[in-house]
Amino acid sequence: MKNTKLELSVGLFVLLGVAAIVYLTIKLGTGSMVGGDTYLIESRFANAGGIHPGCSVLLSGVTVGRVEGIRMDPSDYSAIVTLKLTKGLRLPTDSMASVKTSGLIGDKFIALSPGADESYLQPGTRITMTESAVDLESLIGKMAFGSVDKDKDNKQKQGKSNP
Amino acid sequence: MRTRLFLQALLYPLLAAAVLAADNEAETRLKASVDEVTVIAKNSKDRASLINQEKPALAKILNFQIMTRRAIGPGWREFTPGQQAEAVKLFTDLILRTYTAKFTPGVTPSVVFKSTTSPEPGRQEITTTSEYKGSKYDVVYRMEQAQGPWEITDVVIEGVSMVANYRAQFDSQFKQGGVDAVLKALQKAVAESK
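Because the structure is predicted, anything quoted here is derived from the model rather than measured.

What counts and what doesn't
Residues numbered from 1 in each chain as written. Chains lettered and ligands numbered in written order. Predicted model: local features only at pLDDT ≥ 70, side-chain atom pairs only at ≥ 80, totals over all residues. Helix = DSSP H or I, 4+ residues; strand = E, 2+ residues; numbered from the N terminus. Buried ≥ 20, exposed ≤ 12 C-beta atoms within 10 Å, placed from the backbone. Domains from an automatic or database assignment. Pairing = 2+ DSSP bridges. Contact = placed C-beta atoms within 7 Å. Nonpolar A, V, L, I, M, F, W, Y, C, P; charged D, E, K, R; others polar.

A. Representation of the environment of B:A191. All names here are of chain B. By the element assignment, A191 lies in helix 5 (residues 162–193). A count of 10 C-beta atoms within 10 Å places A191 in the exposed class. Distance in space between the C-alpha atoms of A191 and D93 is 9.8 Å, their sequence separation being 98 residues.

Written as structure tokens, this is what we have:
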């Protein structure tokens, strides 16, 4: 009888431990551990590549929120990213949001840069002045393509100067 | 019910036409400005005359008051009206000198207008592809209509916003040394661009 009680207690303890680990993993993973009251605003990006729910939102290097969700606006195919920000943060209406990378190949995050307007963004409004993720591969491709063009231009110039 | 349907049928095309007209107005103004800048670059004989002629053409379509305020960021509120006027003058000078220096007399860019979107009322984003001296760039012009005509308030080249780029620099200067540090940085940048 004693053994059964002990086994049940241990089993319950292990189950609680597993449940706590699962809960923390999910909560920390999606970033819903931003403490205190929060509010939601949206930001519109031409390209939100690499951003996913749970990504950090930083202002002056300080975490002030998390990405709550991402959807596409079918009218112009832009990405609408919903940000969950701490309640005390007041952002001027001309604030900007940029998709940044920690280091060269690190995680993507949203960096906020407050503007100078006297009015402030209200919950549910949208930041439209944004900088999208810089596509490094595309830039490298353009550099390569550009050099091909320059070679062609140089040859044409040489041809003209040496008829 | 019928009245409501009738009103909807009447108003929706009018609203759509108004939005389309705004699109066209901003795009038409930008196209005219690009044409003007291109013709000046094509007809200029030397760099000095090119810069002198490009400056007023660019000043017509760029809203330097808004650009300076946004480029300086939150520190702008600490500026006195006199300091704000000086900052606008210096920033205007800096932008005009920096960008006219990129033009070469006789060489004209080819600009293809791709799309126009309206992220919110009174604001248009015109996406273009510019080809200049063998290189192609994606350029987005952010235009706003405050009280007068549509004006450019930011230019995004290959995903990098001009206003955001300057804001990061001026905000850092402001946090280190306040208004004086920002004005000194602007004066230094203008002097270096001469």
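B. Examining the domain arrangement of chain A more closely. Taken domain by domain, chain A holds domain 1 (1–30) and domain 2 (35–135). The C-alpha-based centres of domain 1 of chain A and domain 2 of chain A are spaced at 37 Å.

C. Looking closely at the pairing of strand 4 (residues 78–86) of chain A. Residue and element names in this part refer to chain A. Relative to strand 4, strand 1 (residues 38–45) runs antiparallel, the two being bridged by 8 bridges. Bridge assignment links T38 to a residue of strand 4, and that residue is T86. Here 8 bridges tie strand 3 (residues 62–73) to strand 4, and the two strands are oriented antiparallel to one another. Residue G69 lies in a different strand from strand 4, and its bridge partner there is T82.

D. Main features of the interface of chain A and chain B. Each partner contributes to the interface: chain A provides 20 residues, whereas chain B provides 22 residues. Counting residues per element, the ones that place at least two in the side of chain A that touches chain B are strand 5 (96–101) and helix 2 (136–161) of chain A. Classifying every residue of the side of chain A that touches chain B gives 6 nonpolar, 6 polar and 8 charged.

E. Quick look at the pairing of strand 6 (residues 108–113) of chain A. Residue and element names in this part refer to chain A. Pairing analysis gives 3 bridges linking strand 2 (residues 56–59) to strand 6, with the strands arranged parallel. Opposite L59, over in strand 6, you have L112 as the bridge partner. Where strand 5 and strand 6 come together, 6 bridges link them in antiparallel fashion. Within the sheet, the bridge partner assigned to K100 lies in strand 6 and is F109. Hairpin connection of strand 5 to strand 6: 6 residues between the antiparallel strands, including G103 at a positive phi of 75°.

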